[in-house]
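# Structural overview
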Amino acid sequence: MIKVGVLGATGMVGQRFIEILDKHPDFDISALAASSKSAGKRYEDATTWYLENSMPESVKDIIVSETDPNAIDNNVEILFSSLPTEFAKVVEPKFGENFIVASNASAMRMVDDIPLVIPEVNPEFLDLIEVQQKNRGWNGFIVTNPNCSTIALALTLKPIHDNYNINRVHVSTMQAVSGAGYNGVPSMAIVDNLVPFISGEEEKMESETLHILGTINDGTIKDADFNLSASCNRVAVLDGHTESVFIDLDEDINILDLKNKMSNFKGLPQKLNLFSAPKNPVIVTEEENRPQPRMDRNAGNGMSITVGRLRKDKVFNNSFKYTLVGHNTVRGAAGASILNAELIVKELL
Ligand code: NAP
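All values reported here derive from a predicted model rather than from experimental measurement.

## Brief notes about the sheet that holds strand 2 (residues 27–34)
Pairing within the open sheet is parallel, and its six strands lie in the order 3-2-1-4-5-6. Of all the strands in the sheet, the pair left with one neighbour each is strand 3 (65–66) and strand 6 (141–144). Where strand 2 and strand 3 come together, two bridges link them in parallel fashion. If you follow alanine 34 over to strand 3, its bridge partner there is glutamate 66.

The following block contains the structure:
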């Protein structure tokens, strides 16, 4: 068993980490850290537990530590981070000196020598770890995953990008409230309502998606060369982001071929049979009123993205559209970092 810890352990994503790690065959939760407000308390006393499954017995008595590398036992090898971005920017590099940090936070995602990885999409970006350790003289390193809405979109774009010439992508999101954290969206703002603004989200989707679908050569990344425009909305759904995706290609396509390519898409985690890898990263449904967040967010234990309403655009040539649903705190956050760590353990340790 590899000893692991969670930074931001009391938060929305931190709780997902704990739920998944508690059942993990290779990882043993040995450290939980949060803010000074929680440090020194038993995890059960420090946390407002939000998930449907109860808090695992194994973590209740763990004393929450300060988010400081000196407060974490040296035997811990991997730290999963779900810290607020501003704080992550300052402390993740301190942890990276001696620990492996698998982070959800956006702070370091677009830094030149930090890999931003979805294991099914761009596992080769892990080559940056060597560059990072050389540049910084660290024993540890940081690896990041994209933001929740980007992960769902990029997984569905990968089999398209691999097989066709994408010209342009438009995406409009309907994102769950859990994506903003426990204190993120006041109920008075979202019940009976929709908020057509999520700070920084459109910019993240537009830059991170092209980055992940890009190529790496001698430690330098070249972004994918199509145009992507995003419009992001917060809706009154607890978990599960929905996205309407509109794609223009350079050529006409056969929708059945496209469906087969998306359904049959597999990546390295499936080949390596990693513990958290879903059998199918993308599931294509034929039902006319699916996917829906309540019905489809848990597909593949929350690690599959469900695509539906895949159809040709009757107005624009060489165009098609679809709707996707993905679990934002599982595949879009904690599950993404854990899959990154599983790949690192299998390939690099
Ligand atoms: P959250 O529910 O607000 O949790 C924040 C966590 O960070 C809590 O454990 C909190 O501890 C801790 N924290 C806050 N300030 C701190 C400080 N100064 N020092 C140390 N710890 C501190 O937020 P979340 O939704 O889990 O999101 C966490 C991170 O993941 C963010 O960077 C977010 O952008 C990213 N992310 C979230 C999602 C999602 O779907 N929610 C998806 C992808 C990425 P206390 O309880 O002690 O305050």
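Next comes the rest of the description.
## Remarks on the pairing of strand 15 (residues 319–326)
Across the eight residues of strand 15, eight count as buried, placing the element largely inside the fold. Where burial is concerned, the two faces of strand 15 agree: the one with Ser319, Lys321, Thr323 and Val325 and the one with Phe320, Tyr322, Leu324 and Gly326 are both buried. Judged from the eight bridges that link them, strand 12 (residues 241–249) and strand 15 form a sheet pairing that is antiparallel. Bridge pairing in strand 15 links aspartate 248 to serine 319.

## Some words on the sheet that holds strand 12
The seven strands are arranged 8-11-7-12-15-14-13 in an open sheet whose pairing can be described as mixed. Looking along the sheet, the strands with just one partner apiece sit at the ends: strand 8 (194–195) and strand 13 (282–284). Strand contacts of helix 8 (residues 201–212): strand 7 (166–175), strand 11 (227–235) and strand 12, with the helix running at about 140° to strand 11, the strand carrying the most contacts.

## What about the site of the ligand?
Neighbouring the ligand are 27 residues, the closest being Thr10, Val13, Ser35, Ser38 and Leu83. Here serine 38 contributes a side-chain N or O atom positioned 2.4 Å from an oxygen atom of the ligand. Between the ligand and tyrosine 182 there is a distance of 3.3 Å, counted from an oxygen atom to a backbone nitrogen or oxygen. Within the complex, the protein chains bury 79% of what would otherwise be the 910 Å² of accessible surface of the ligand. Using a 2 Å cut-off from the grid points, one finds that the ligand occupies the largest pocket. Where the shell around the ligand is concerned, the elements lending two or more residues are helix 1 (12–22), helix 4 (85–96) and helix 12 (330–347).

## Here we look at the packing of aromatic side chains
Evaluation of the coordinates by the stated rule reveals four aromatic pairs. Feature note: the residues Phe17, Phe27 and Phe80 constitute an aromatic cluster, connected by ring pairs.

## Looking at the layout of surface pockets
Counted as a void, the largest pocket has a volume near 1,200 Å³. Contributing to the lining of the largest pocket are 45 residues, with Ser82, Pro84, Ala180, Gly181 and Tyr182 lying nearest its centre. When contributions to the lining of the largest pocket are tallied by element, the ones reaching two or more residues are helix 1, helix 4, helix 8 and helix 12. Considering every element that reaches the lining of the largest pocket, the biggest residue donor is helix 1, with four residues. Per-class residue counts for the lining of the largest pocket are 14 nonpolar, 25 polar and six charged. Formed jointly, the lining of the largest pocket draws a minimum of three residues from each of two domains, domain 1 (2–147 + 334–347) and domain 2 (148–327). Roughly 670 Å³ of internal volume is contained in the second largest pocket. For the lining of the second largest pocket, the elements supplying multiple residues, two or more each, are helix 1 and helix 12. Take the lining of the second largest pocket: its biggest share by element is three residues, from helix 1. For the lining of the second largest pocket, the per-class residue count stands at nine nonpolar, eight polar and six charged. Residue assignment places the lining of the second largest pocket across two domains, with domain 1 (2–147 + 334–347) and domain 2 (148–327) each supplying three or more.

## Some remarks on the domain arrangement of the protein chain
Domain parsing of the protein chain yields domain 1 (2–147 + 334–347) and domain 2 (148–327). Taking only C-alpha atoms into account, the centre of domain 1 sits 24 Å from that of domain 2. Across the contact, 33 residues belong to domain 1 and 39 residues belong to domain 2. Regarding the contact of domain 1 and domain 2, the summed buried area is about 3,000 Å², with carbon and sulfur atoms giving 70% of it. On the surface where domain 1 and domain 2 come into contact, there are two salt bridges. Notably, a salt bridge pairs arginine 16 with aspartate 239, separated by 3.3 Å at the nearest N-O pair. On the surface where domain 1 and domain 2 come into contact, there are 13 residue pairs in polar contact (both at pLDDT 80 or more). For the side of domain 1 that touches domain 2, the elements supplying multiple residues, two or more each, are helix 1, helix 5 (128–136) and helix 12. Among the elements that take part in the side of domain 1 that touches domain 2, helix 12 stands out by supplying eight residues, more than any other. Residues of the side of domain 1 that touches domain 2, tallied by class, amount to 17 nonpolar, seven polar and nine charged.

## Quick look at the side chain of histidine 327
Among the secondary structure elements, histidine 327 is positioned in the loop between strand 15 and helix 12. Separated by 3.5 Å, the side chains of histidine 327 and arginine 16 make a polar contact. Ignoring sequence-local partners within four residues, the contact set of histidine 327 consists of Arg16, Asp239, Gly240, Arg297, Asn298, Gly302 and Gly332.

## Let's talk about the packing of helix 6 (residues 148–163) against helix 9 (residues 255–263)
Where helix 6 contacts helix 9, the axes come no closer than 9 Å and their chain directions differ by 120°. Taken together, the axes of helix 6 and helix 9 are oblique relative to one another. Read as a crossing pair, helix 6 and helix 9 show a hand that is right-handed. Together, Thr156, Pro159, Ile160 and Asn163 of helix 6 and Leu258, Lys261 and Met262 of helix 9 make up the contact between the two elements.

Rules and cut-offs
- Counting starts from 1 at the beginning of each chain's written sequence and moves along it residue by residue.
- Only residues with pLDDT of at least 70 get local features here, since the model is predicted, and only at 80 or more are side-chain atom pairs given and counted; chain-wide, interface and lining totals rely on the full set of residues.
- Processing note: side-chain calculations cover all non-hydrogen atoms of the structure and skip hydrogens and water entirely.
- Note: two strands are recorded as paired if DSSP finds a minimum of 2 bridges between them.
- Strands here mean DSSP runs of E at least two residues long; helices mean DSSP runs of H or I at least four residues long; both are numbered from the N terminus.
- Summary of the burial criterion: residues with accessible area below 20% of their type's maximum are buried, those above 50% are exposed, and those between are partly exposed, where the area comes from a 1.4 Å probe applied to protein chains only.
- Contact between two residues is taken to exist if any of their heavy atoms lie within 4.5 Å; hydrogens are not considered.
- Fitted lines through C-alpha atoms give the axes, limited to the stretch in contact for helices. The angle between two N-to-C directions lies from 0 to 180 degrees.
- Think of it this way: one heavy atom of a residue within 4 Å of a molecule or strand is enough to make that residue near it.
- Contacts described as polar in this section are N or O atom pairs within 3.5 Å, which, within protein, must combine one atom able to donate a hydrogen with one able to accept it, while residues neighboring in sequence count only if both atoms come from side chains.
- Each accessible area is a Shrake-Rupley result for a 1.4 Å probe, and residues are judged covered by the shown protein chains and nothing else.
- Both cavities and pockets are sets of points on a 1 Å grid over the protein atoms alone; in a cavity a 1.4 Å probe fits but cannot get out, in a pocket the set is open with protein on both sides within 12 Å along at least five of seven lines, and lining residues sit with an atom within 4 Å of a point.
- Grid points define the cavity or pocket, and a molecule sits in it when more than half of its atoms lie within 2 Å of them.
- When two rings of Phe, Tyr or Trp (its six-membered ring) have centres within 6.5 Å they constitute a pair, described as stacked for plane angles under 30 degrees, edge-to-face for angles over 60, and tilted for the intermediate range.
- Grid points are joined across faces, edges and corners, and a volume is the space filled by probe spheres set on the points.
- Amino acid classes used here: Ala, Val, Leu, Ile, Met, Phe, Trp, Tyr, Cys and Pro are nonpolar; Asp, Glu, Lys and Arg are charged; the rest, including Gly, are polar.
- Domain borders in the structure are assigned automatically or taken from a domain database.
- Here the quantity called buried area is the accessible surface, traced with a 1.4 Å probe, that two parts lose on coming together, added over both.
- Salt bridges are identified by distance alone: a Lys or Arg side-chain nitrogen within 4 Å of an Asp or Glu carboxyl oxygen.
- When describing relative orientation, an angle under 35 degrees is termed roughly parallel and one over 145 degrees roughly antiparallel, while 65 to 115 degrees is termed roughly perpendicular and anything else oblique.
- Handedness of each helix crossing follows the sense of rotation of the near helix against the far helix: counterclockwise by less than a right angle gives left-handed, clockwise gives right-handed.

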